[in-house]
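In case you want the letters, here they are:
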Amino acid sequence: MKKAITALLLAALLLLPALASCSKDDGETSQSLGTSGTTSEETLPFEVKNFNGQEIRILAKSNHTYGQMQFVPDEEITSNQINDAVTTRNNLIEDNYGLVIVCDADATPMATARPLITAGLCEYDIICDAVCNMLPMVSENCFWSLDDLLNLDADYYDKNANDNLRIGEKSYFVAGDMLITDDDYTYCCLYNKDMYKNNADLSGQYGDIYDIVREGRWTYDIFYEMCKVVSQPDENGQWGTTGGTYGNISEGYVTAIWVNGAGVRTVEKGAEPYSLTLNVTSDRSVAAFNKVFEIMTDRSNSILVDWLGATGWEDTATMFENGQGLFWGTNVSSITTNMAGSEADQIISFGVLPVPKLDEEQANYFNGINSYQSSVIGIPSSNVENQEATAYLIELLGYYSDSVTDAYYEKTLKLQAVEEDADAEMLDLIFNNRLYDLGAIYNWGGNLIGIYSSVMRSGTNTLVSTFESQQTAAQTAMDQTIEDLKNSIT
């Protein structure tokens, strides 16, 4: 997300009332600072505070490529544009504002932090973890509401994410320019350019695939038609990983992401602050699932991670890299971790597409996020003494992360990992139309996050009856969350 912040917004930020709980008030000094650390009314025309070396501790995920690097540089890495941009940004913040960023990494940040927070211990000032781990913790008063702490209207916050994730009258979490792991775990559809271009039944019949997207014709139906054109078994007539070619290389969870592509969420928000409606058996949800179910269970056109045992993730990635698939439904992170490389070592030529739509009448494309991985940040309720400095740092991370965003988005994704302007255009389309499903994130009743994929894996389309058997539990849990939010003391 690109920011076009104005001096007026920044001035408004700095007029936020200082919090009485901050323990650093006596040691703070105010001055006007430029980005080089010198006084400059012209560069940053607002009064800023210097926290005199105060540390802000962040806990982030260790198993994300950029989980820790988006906050602090890895000193063992050299010649990495993202790492270098983070170094420059953090040095600027420390030199000009006296805030020192420290980041620990953990495989399960929220699970580690939860007992500390509930015990009132401020071991960490900021928690960064996947949305499905963070949002449910509001019911336990684990996070401060951010409405009075941050300038949430600033352009460096992802307004779409924040609006989607908000229930009721308070915002507890933010995504935006200060994070990479929100974008990196957004779903897309990669495709094999050579396979498409060299097959006359594809390129000859359908034309430029990017034009299909631009014209709003990129739907489940045309996706499935293209899959059928290229799918074939190996020389022995067998369907498997070693010789066959598939139109659709994917995973079970992508069933839900493709249903999201119809603009469908398991829970829909209403106009009123606490209005939530279970949506799994709505007409549009069922119509979308029926089409996706047909595609995903067609084993002569689709091969899924779920069918391949312990090596499924590696096998499917390798298949696409080796040119055995036309399409691969995956996270954007796969572009930099699996597909990036020089022309000499890149195995196939690939492109980037959004998630297909249900039909051509649908106005927008919707690209679901990985609820298990896509991140937000929040301020733990045990953070009392450092609250003001923490909120100030989040604002600074948003404001000064242009170079980090640019290093990830423009220089890594667009220049190193995709091949042409049309792919960059598709990435813009994907990131500007991300979808968050509150039902999947909160997983009310225990299976909303997996209801589409679990029904698909069963091989029998029992979506309606499966949901009906779980509806009461889901409604009860959702109602309880609403009551918890209404009565929240944070």
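Residues numbered from 1 in each chain as written. Predicted model: local features only at pLDDT ≥ 70, side-chain atom pairs only at ≥ 80, totals over all residues. Heavy atoms only, no water.

Reading across from one edge, β10-β7-β11-β6-β12 is the order of the five strands in this open sheet, with mixed pairing throughout. The sheet is open, and its two edges are formed by β10 (302-304) and β12 (350-353), each paired on a single side. Neighbour to neighbour, the strand axes of the sheet diverge by 25 degrees on average, direction disregarded. In terms of strand pairing, strand β7 (residues 246-250) meets strand β11 (residues 325-331) through three bridges, oriented parallel. Bridge assignment links Ile249 to a residue of β11, and that residue is Trp328. (Pairing = 2+ DSSP bridges. Helix = DSSP H or I, 4+ residues; strand = E, 2+ residues; numbered from the N terminus. Axes fitted to C-alpha atoms, helices over the stretch in contact; angles between N-to-C directions.)

Before going further, it helps to spend a moment on helix α19 (residues 463-486). With 24 residues, α19 should reach 34 Å at 1.5 Å per residue; the first-to-last C-alpha distance of 32 Å fits that figure. Its axis deflected by about 50 degrees at Gln470, α19 carries its strongest bend there. Burial in α19 covers these residues: Leu463, Thr466, Phe467, Ala474, Met478, Thr481, Ile482 and Leu485. Those residues of α19 that are buried are in contact with β8 (267-269), β9 (276-278), α11 (283-296), α17 (438-442) and α18 (451-458). (Expected span 1.5 Å × (residues − 1). Bend = angle between axes of the 7 residues up to and from the residue. Buried < 20%, exposed > 50% of the residue type's maximum accessible area, 1.4 Å probe, protein only. Contact = heavy atoms within 4.5 Å.)

Next up on the list: the nonpolar core. The nonpolar side chains of a soluble globular protein tend to be buried, and buried together. Core analysis: the biggest nonpolar cluster contains 123 residues, and Phe71, Leu135, Trp218, Met226 and Phe327 have the highest contact counts within it. Ranked by size, the runner-up nonpolar core spans 30 residues in total, among them Ala85, Phe320, Met339 and Ala407. (Core = buried A, V, L, I, M, F, W, Y, C linked by side-chain atoms within 4.5 Å.)

Among the structural elements, Thr245 can be located in the loop between α9 (220-230) and β7. Other than its neighbours up to four places away in sequence, Thr245 contacts Met195, Val230, Ser231, Gln232, Trp239 and Gln324.

For the chain, per-residue confidence averages 87 on the pLDDT scale, and 89% of positions sit at 70 or higher. Predicted confidence is poor over residues 1-42, with pLDDT under 50, and the contacts of this stretch with residues over four places away or in other chains come to 102 contacts. (pLDDT = per-residue confidence, 0-100.)

At a minimum axis distance of 10 Å, the contact between α11 and α18 shows a crossing angle of 45 degrees. Between α11 and α18, the angle falls in the class oblique. Crossing hand, α11 versus α18: right-handed. Taking contact as the criterion, the partners of Ser285, Phe289, Phe293 and Met296 in α11 are, on α18, Tyr452, Val455 and Met456. (Parallel < 35°, antiparallel > 145°, perpendicular 65-115°, else oblique. Left-handed = near helix turned anticlockwise from the far one by under 90°.)

Moving on: the sheet that holds strand β5 (residues 126-130). Pairing in this open sheet of four strands is mixed, and the strands run β4-β3-β5-β14 from one edge to the other. Looking along the sheet, the strands with just one partner apiece sit at the ends: β4 (99-106) and β14 (375-378). Pairwise comparison of adjacent strand axes, ignoring direction, gives a mean angle of 20 degrees for this sheet. Pairing geometry for strand β3 (residues 54-61) and β5, over two bridges, is parallel.

Let us look at the pattern of salt bridges. Here the idea is simple: oppositely charged side chains can pair when their charged atoms come close. One pass over the structure, following the stated rule, counts 21 salt bridges. A salt bridge links Glu55 to Arg57; the nearest nitrogen and oxygen atoms lie 3.7 Å apart. You can call Arg57 partly exposed: its relative accessible area is 27%. Taken together, the shared-partner salt bridges connect Asp158, Asp182, Asp183 and Arg434 into one network. (Salt bridge = Lys/Arg side-chain N within 4 Å of Asp/Glu carboxyl O.)

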